[in-house]
Amino acid sequence: MKRRIWAVLLSIIMVLSLMPVTAMAEGQSSYVVLGDSISAGYGLTADEKSFSEQLEETFFLERIPLAASGDTSDDLYRVVSDPENEDSLKNADIITVTIGGNDMLDALYDFLAEEYNDTYSPDPAWTSEDIINKITEEEVDMTFFAWALLFAIPKFSTSELVQERAQTVGANLDRALAEIKRLNPNATVIVANQYNPYLYATAHADSTYQGAAETIRDAFEGGIVLLNQELSKAATNNGCTIADVHTAFQKAEDDPCFASFAGELNLDFHPNAYGHTLIAETLEGDIEPVVKYALTVTGGTGSGGYKNGEKAAITANEVSDTQHFAYWEESTGIYNGKFDDPSNPSTSFTMPACPITVNAVYHTWLTEWTSDENSHWHPCSECSEKKDEEAHSY
């Protein structure tokens, strides 16, 4: 949280110092966001930021959103293999992935349809679409929900179907990550594992919903454990990192999701603004060491992307006979102490954790001569430097 506050303050400072917008883009880390509605920020208001937007702000990233609500692991491979996205993936420094939630929800709907058909033998047989329609009806069918909660959902996490779908997600993710690494073997790729959206809500449920909440929580937890095992396996196989969002949500101090069993029933499993902050904070530790910040050098060379604490070699441009190099300065004045030798035209600058512009400052030689009793010279217009100093000859 402290990093984010400092990031906002530094952004304000840079705006006030009139840093060019182009300087913010050149050399900064590129961040591709892949996945489903979690990555897309579903459910957030216009003034709330998704985890990827928070990371963009904290680390000054160039964010490229390729996530879409409703995407499954099949869709993920379609996105990463789309030629239109190839350049973005090839040039990315950081890639995050959230996937698998929609696959598991589809599995739940299919499972409930199978169980309903086995129990009641309706004609025609129910499909997953019928289950979705039943769940989303304005008027709750208590008979259906009682059957689902008491007899169907408790069996979901141990069913063959949920195991098969978790394995399918793992296989699809493995294929997608392999393609990403083929395109960009040096990218830092982070897969966020799946959280249980009903943990906090169940712990704070009204007595009316307590039994139902526990049933839903336990069914989801069983499926999520299987899913996270497959996500971890695919990430490890491809040299990628797993971000443990599941544990972060377990330890949440407030409700990280829209779901609620208190007051008005809400089964929405998406993370709220606080949940997105937890996801961002979970990812920060893996992102911070690899982020490069844009260094813009005016009046010299050395511009590019550098990590926090990395030394950038900078050199002032050669000047005409009418000017001379005076010193280096950093545009905000905050980081002038990071030059190894600000008076040397070829020196190094230690990069802070934000985009920076450094300027080579030049002074102009006056055309008139100045002299004393021993010599004469062309003085600098701003400092005590002398040019073409010679002793008097009589």
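Preceding block: the structure.
The rules we used
Residues numbered from 1 in each chain as written. Predicted model: local features only at pLDDT ≥ 70, side-chain atom pairs only at ≥ 80, totals over all residues. Heavy atoms only, no water. Axes fitted to C-alpha atoms, helices over the stretch in contact; angles between N-to-C directions. Helix = DSSP H or I, 4+ residues; strand = E, 2+ residues; numbered from the N terminus. Parallel < 35°, antiparallel > 145°, perpendicular 65-115°, else oblique. Left-handed = near helix turned anticlockwise from the far one by under 90°. Contact = heavy atoms within 4.5 Å. Nonpolar A, V, L, I, M, F, W, Y, C, P; charged D, E, K, R; others polar. Buried < 20%, exposed > 50% of the residue type's maximum accessible area, 1.4 Å probe, protein only. Salt bridge = Lys/Arg side-chain N within 4 Å of Asp/Glu carboxyl O. Core = buried A, V, L, I, M, F, W, Y, C linked by side-chain atoms within 4.5 Å. Phe/Tyr/Trp six-rings, centres within 6.5 Å; stacked < 30°, edge-to-face > 60°.

Okay, the packing of helix α7 (residues 101-120) against helix α12 (residues 210-237) next. Packing of α7 against α12 leaves a shortest axis separation of 11 Å and a crossing angle of 130°. In terms of orientation, α7 lies oblique with respect to α12. Regarding α7 and α12, the two cross each other, and that crossing is right-handed. Contacts from Gly101, Met104, Leu105 and Leu108 of α7 reach α12 at Phe220, Gly223 and Leu227. Residue classes in the contact of α7 with α12 are distributed as five nonpolar, two polar and no charged.

Below, the discussion takes up the packing of α7 against helix α8 (residues 128-135). Two numbers describe how α7 lies on α8: the axes approach to 8 Å, and their chain directions differ by 100°. On the basis of their axis angle, the class for α7 and α8 is roughly perpendicular. Here Tyr109, Asp110, Leu112 and Ala113 of α7 lie close against α8, whose contacting residues are Ser128, Ile131, Ile132 and Ile135. Grouping the constituent residues of the contact of α7 with α8 by class yields six nonpolar, one polar and one charged.

Once that is clear, we can look at unusual backbone geometry. With an omega of 5°, the peptide bond between Asp123 and Pro124 qualifies as cis. You can see Pro124 is positioned in the loop between α7 and α8. You will see that Ser121, though not glycine, has its phi angle at about 50°, which is positive. Looking at the secondary structure, you find Ser121 in the loop between α7 and α8. Owing to a relative accessible area of 54%, Ser121 belongs among the exposed residues under this scheme.

Our next topic: the pattern of salt bridges. Applying the stated criterion across every chain, the model contains 13 salt bridges. Note that Glu57 is salt-bridged to Lys49, the shortest N-O span being 4.0 Å. Overall, Lys49 belongs to the partly exposed group, its relative accessible area being 40%. One salt bridge connects Glu179 with Arg182, and the closest N-O pair in it is separated by 2.8 Å. Here Arg182 and Glu179 lie together in helix α10 (residues 160-183), a separation of three residues that amounts to about one turn. Judged by its relative accessible area of 15%, Glu179 is buried. Judged by its relative accessible area of 55%, Arg182 falls in the exposed class.

In this section: the nonpolar core. Ranked by internal contacts, the top residues of the largest apolar core, which has 54 residues, are Leu34, Leu76, Ile95, Val97, Leu173 and Leu177. One finds Tyr31, Ala248, Phe249 and Val291 within the second-largest nonpolar core, a separate group that totals 42 residues.

So, on to the packing of aromatic side chains. Applying the stated criterion across every chain yields a total of 17 aromatic pairs. With a centroid separation of 5.3 Å and 85° between ring planes, the pair formed by Tyr116 and Trp147 is classed as edge-to-face. With Tyr116 in helix α7 and Trp147 in helix α9 (residues 142-156), this residue pair connects regions lying 31 residues apart in the sequence. The two residues Tyr116 and Trp147 agree in class, both being buried.

Another point: the environment of Asn228. Position of Asn228 among the secondary structure elements: in helix α12. Residues Asn228 and Gly170 lie 58 residues apart in sequence; the distance between their C-alpha atoms is 8.9 Å. Dropping the residues within four chain positions of it, Asn228 is found in contact with Asn193, Gln194 and His246.

Okay, the environment of Gly41 next. Its location among the elements puts Gly41 in the loop between α3 (37-40) and α4 (51-59). Residue Gly41 is classed as buried on the basis of its relative accessible area, which comes to 11%. In this structure the C-alpha to C-alpha distance between Gly41 and Asn272, which are 231 residues apart in sequence, comes to 8.7 Å.

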